[in-house]
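# Coordinates in review
Spelled out, the chains give:
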Amino acid sequence: MTVDTTHISFANGLLVAALGVSVVFAVLVLLMGIIKIQTAVVEALEDREKQPDAAPASPAAPAAPAPAKTAKGSCGGVALHDVPDATAAMIMAIVADELQTPLNELRFISIREVKNR
């Protein structure tokens, strides 16, 4: 018995195409399920880390002062001496540009205007 592989009937072609499409969609649904499971596990772990400890702090201990809020990626505050905020921001941007370094990698301690006597 010989099989003629040069001619495929229209019905067989539709069957092969439908089978291929169904396999692709089945794999996509499987991947979607895996991603949803991983997302749920990661969210559960993050929620678990965010929960405060069960042991309350000692009431006799004084509360520590809250640390100063800084921008994400910043290296602390800058002391400005008779310099407006806009001018200080411009100076920091110019220094970062001249050094070709991202601004969040630089640390400015203080900025003051040098006045001629």
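Predicted model only: the values in this text are computed from it and were never measured.

### Details of the overall build of the chain
- Each helix and strand in the chain was counted, giving two helices and two strands.
- Along the chain, from the amino end to the carboxyl end, the secondary structure elements read α-β-α-β.
- Counting over 117 residues, the chain shows a buried share of 6%.
- Of the contacts made within the chain by residues no fewer than 6 positions apart, 64% connect residues no fewer than 24 positions apart.
- Per element, the accessible surface of the chain, about 11,000 Å² overall, is 64% carbon and sulfur.

### Things to note about the confidence of the model for the chain
- Model confidence for the chain is summarised by a mean pLDDT of 81, while 74% of its residues fall at 70 or above.
- Ranking the elements of the chain by mean pLDDT puts strand β1 (residues 79-81) last, at 83, and helix α1 (residues 10-50) first, at 93.

### Remarks on a negative patch on the surface
- Residues E43, E46, D47 and E49 make up a contiguous surface patch of negative charge.
- Its location among the elements puts E46 in helix α1.
- Taking relative accessible area as the criterion, E46 reaches 40% and is therefore assigned partly exposed.

### Brief notes about unusual backbone geometry
- For D82, which is not a glycine, the phi torsion comes out positive at approximately 55°.
- Positionally, D82 belongs in the loop between β1 and α2 (85-99).
- You can call D82 exposed: its relative accessible area is 65%.

### Considerations on a nonpolar patch on the surface
- Side chains of L19, V21, V23, V24, F25, V27, L28, L30, L31 and I34 sit close together on the surface and give an oily, nonpolar patch of about 920 Å² of accessible area.
- Here L30 is to be found in helix α1.

### A short note on the nonpolar core
- Judged by nonpolar contacts, V83, A88, M92, A96, L106, F108 and I111 together constitute the single largest core of seven residues.
- In terms of residues, this core owes the most to one element, α2, which gives three residues.
- With near-sequence residues (within four places) excluded, A88 lies in contact with L80, V83 and I111.

### Overview of α2
- A rise of 1.5 Å per residue sets the reference length of α2, with its 15 residues, at 21 Å; its end C-alpha atoms lie 21 Å apart and thus fit the reference within 8%.
- Regarding α2, the residues found buried are A88, M92 and A96. Buried residues along α2 cover an arc of 70° about the axis, so they all sit on one side. Of the residues in α2, the exposed ones pointing more than 90 degrees away from the buried face are A86, D97 and E98.
- A positive backbone phi angle near 55° is found at Q100, which sits one or two residues after α2.

What counts and what doesn't
Residues numbered from 1 in each chain as written. Predicted model: local features only at pLDDT ≥ 70, side-chain atom pairs only at ≥ 80, totals over all residues. Heavy atoms only, no water. Helix = DSSP H or I, 4+ residues; strand = E, 2+ residues; numbered from the N terminus. Buried < 20%, exposed > 50% of the residue type's maximum accessible area, 1.4 Å probe, protein only. Contact = heavy atoms within 4.5 Å. Areas by Shrake-Rupley, 256 points an atom, 1.4 Å probe, with all protein chains shown as cover. pLDDT = per-residue confidence, 0-100. Patch = residues over 30% accessible without salt bridge, like charges linked within 9 Å, V, L, I, M, F, W, Y side chains within 5 Å. Salt bridge = Lys/Arg side-chain N within 4 Å of Asp/Glu carboxyl O. Lys, Arg positive; Asp, Glu negative; His and termini not counted. Charge placed at Lys NZ, Arg CZ, Asp CG, Glu CD. Core = buried A, V, L, I, M, F, W, Y, C linked by side-chain atoms within 4.5 Å. Expected span 1.5 Å × (residues − 1). Arc of directions from axis to C-beta.

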